[in-house]
Amino acid sequence: MIAQTYEHHLELREDKFCPFKFKSCDDVYNSVCNWHNNIELLLVTGGSGRIQYGTDDFPIEEHDIIIVNSDSLHRVYSDSGVSFTYVIIDESFCLENGVGTKSRSFERCFKNDKVETMLLASHALFDGYKRESTPINAARLRMSVLALLIELCDRYATAADVSARLHSASEKYVKVALEYLAENYADPISLEEIAARCGVTKYHLARVFKVYTGDTIFRYVNILRCKRAEACISSGMTVTEAARECGFESPSYFSRTYKRLMGKVPSAEKEK
């Protein structure tokens, strides 16, 4: 199933020696708007695009490093495809080492050769640990990630008001809507029903949703449906079956929407 737009990251605590998630993503056109308690560090490795970050939207390019603060709504998108590597660090690891990130705000986007090298080195150590999960490999990885955290705290921690950001009423409405859509994306979507759940008018909800996600509610639903369809097709479903499974009544409309939002035709998933 497609991940909830609030990411719990419970899997990070399955291995107490490795409370991290490293991943590389290639040629991304639309990611799902999400948020999480844990800090995320994202390095653009190719192409260019934009990031919707709270109420702001700004361009990103190769070698840009983005710090996603705790509980911040964000998504990456691109017209031509953007590639990136990211790490998510469990807050428990940060607190154990005296560098808690949930109560800190960090500068959001910058270029720094040293931080880039440290991030890539940590990713390589993570891959090594996954191949051979020995205590010494775990220690090397943890030391590397801790050094990365210290560098971020020393150079990029800011005096921003964390409490004001986390308690924005409009942001809370958007998060409620995102969770509803993640659970019901395959069903007919009623703007009135979502607005009633949030306790606001549909006009207000539509306006703040666009501000925080960069999308209309119905375009966002189609992105969710296409993401789920991508997984369905990769697992063996036909394009028609995936379209029906994910809430598209017409296979032809699904194919057009998928090409527009994902940058490729649905059948391309079967060729991987």
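The notes below deal with the structure included here. (Residues numbered from 1 in each chain as written. Predicted model: local features only at pLDDT ≥ 70, side-chain atom pairs only at ≥ 80, totals over all residues. Heavy atoms only, no water.)

Look at helix 10 (residues 251–262): 16 Å from first C-alpha to last across 12 residues, which is about the 16 Å you get at 1.5 Å a residue. Among the residues making up helix 10, those that are buried are F254, T257, Y258, L261 and M262. Angularly, the buried residues of helix 10 cover 105° about the axis, an arc narrow enough to put them on a single face. Exposed residues lying more than 90 degrees from the buried face of helix 10 are R256 and R260. Those residues of helix 10 that are buried are in contact with strand 1 (20–30), helix 8 (217–234) and helix 9 (239–245). (Helix = DSSP H or I, 4+ residues; strand = E, 2+ residues; numbered from the N terminus. Expected span 1.5 Å × (residues − 1). Buried < 20%, exposed > 50% of the residue type's maximum accessible area, 1.4 Å probe, protein only. Arc of directions from axis to C-beta. Contact = heavy atoms within 4.5 Å.)

This brings us to the nonpolar core. Among the nonpolar cores identified, the biggest contains 28 residues, and L41 and I89 are the most heavily contacted of them. Among the secondary structure elements, those contributing two or more residues to this core are strand 1, strand 2 (39–53), strand 4 (65–68), strand 5 (74–89), helix 1 (91–96), helix 2 (113–131) and helix 3 (135–156). In terms of residue count, the dominant contributor to this core is helix 3 (8 residues). Not counting residues within four places of it along the chain, the set of residues in contact with I89 comprises P19, F20, N38, I39, C94, V145 and L149. C33, L73, V174 and A195 belong to the second-largest nonpolar core, a separate cluster that totals 24 residues. (Core = buried A, V, L, I, M, F, W, Y, C linked by side-chain atoms within 4.5 Å.)

This part covers the packing of aromatic side chains. A complete count under the given rule lists 9 aromatic pairs for this structure. Here the aromatic rings of F20 and F93 are separated by 4.9 Å at their centres, their planes lie at 85°, and the arrangement is edge-to-face. Residue F20 is located in strand 1, and its partner F93 is located in helix 1; the two are separated by 73 residues in the primary sequence. The exposure class assigned to F20 is buried, which follows from its relative accessible area of 3%. The buried category is assigned to F93, whose relative accessible area is 2%. Pairing F110 with Y156 gives two aromatic rings, centres 3.7 Å apart and planes at 10°, and the pair type is stacked. Here the residue F110 occupies a position in strand 7 (residues 109–110), and Y156 occupies one in helix 3, the gap between them amounting to 46 residues. The class of F110 is buried, set by a relative accessible area of 6%. Cluster of aromatic residues (ring-pair linked, three or more members): F248, Y253, F254 and Y258. Cation over ring: R108 sits above Y53, and NZ or CZ is 5.0 Å from the ring centre. (Phe/Tyr/Trp six-rings, centres within 6.5 Å; stacked < 30°, edge-to-face > 60°. Lys NZ or Arg CZ within 6 Å of the ring centre and 35° of its normal.)

A separate point is the side chain of E116. The topology assignment puts E116 in helix 2. For the buried E116, which has no salt bridge, the nearest side chain bearing the opposite charge is K111, at an N-O separation of 8.6 Å. (Lys, Arg positive; Asp, Glu negative; His and termini not counted. Salt bridge = Lys/Arg side-chain N within 4 Å of Asp/Glu carboxyl O.)

Another point: the packing of helix 5 (residues 169–184) against helix 6 (residues 191–198). Contact geometry of helix 5 with helix 6 gives a least axis separation of 9 Å together with a crossing angle of 130°. By the criterion of interaxial angle, the relationship of helix 5 to helix 6 is oblique. The handedness of the crossing between helix 5 and helix 6 comes out as right-handed. Contacts between helix 5 and helix 6 involve Y173, V176, A177, Y180 and L181 on the former and, on the latter, E193, I194, R197 and C198. Considered class by class, the residues forming the contact of helix 5 with helix 6 number 7 nonpolar, no polar and 2 charged. (Axes fitted to C-alpha atoms, helices over the stretch in contact; angles between N-to-C directions. Parallel < 35°, antiparallel > 145°, perpendicular 65-115°, else oblique. Left-handed = near helix turned anticlockwise from the far one by under 90°. Nonpolar A, V, L, I, M, F, W, Y, C, P; charged D, E, K, R; others polar.)

Where burial is concerned, most of strand 2 is hidden: 11 out of the 15 residues are buried. Note: strand 2 against strand 5, 12 bridges, orientation antiparallel. Paired with G47 across the bridge in strand 5 is V82. Here strand 2 pairs with strand 4 via 4 bridges, running antiparallel. Within the sheet, the bridge partner assigned to L41 lies in strand 4 and is I67. The loop that links strand 2 with its antiparallel partner strand 3 (residues 56–61) comprises 2 residues; one of these, G54, has a positive phi angle of about 60°. (Pairing = 2+ DSSP bridges.)

Here we take up the packing of helix 5 against helix 8. At a minimum axis separation of 10 Å, helix 5 and helix 8 run at an interaxial angle of 45°. As summarised for this structure, helix 5 and helix 8 are arranged oblique, according to the angle between their axes. For the pair helix 5 and helix 8, the sense of crossing is right-handed. Residues L178, L181 and A182 of helix 5 form the contact with helix 8, whose participating residues are I217, Y220, V221 and L224. Residue composition of the contact of helix 5 with helix 8, by class: 7 nonpolar, no polar and no charged.

Spatial relationships are all this shows, so hold off on functional conclusions.
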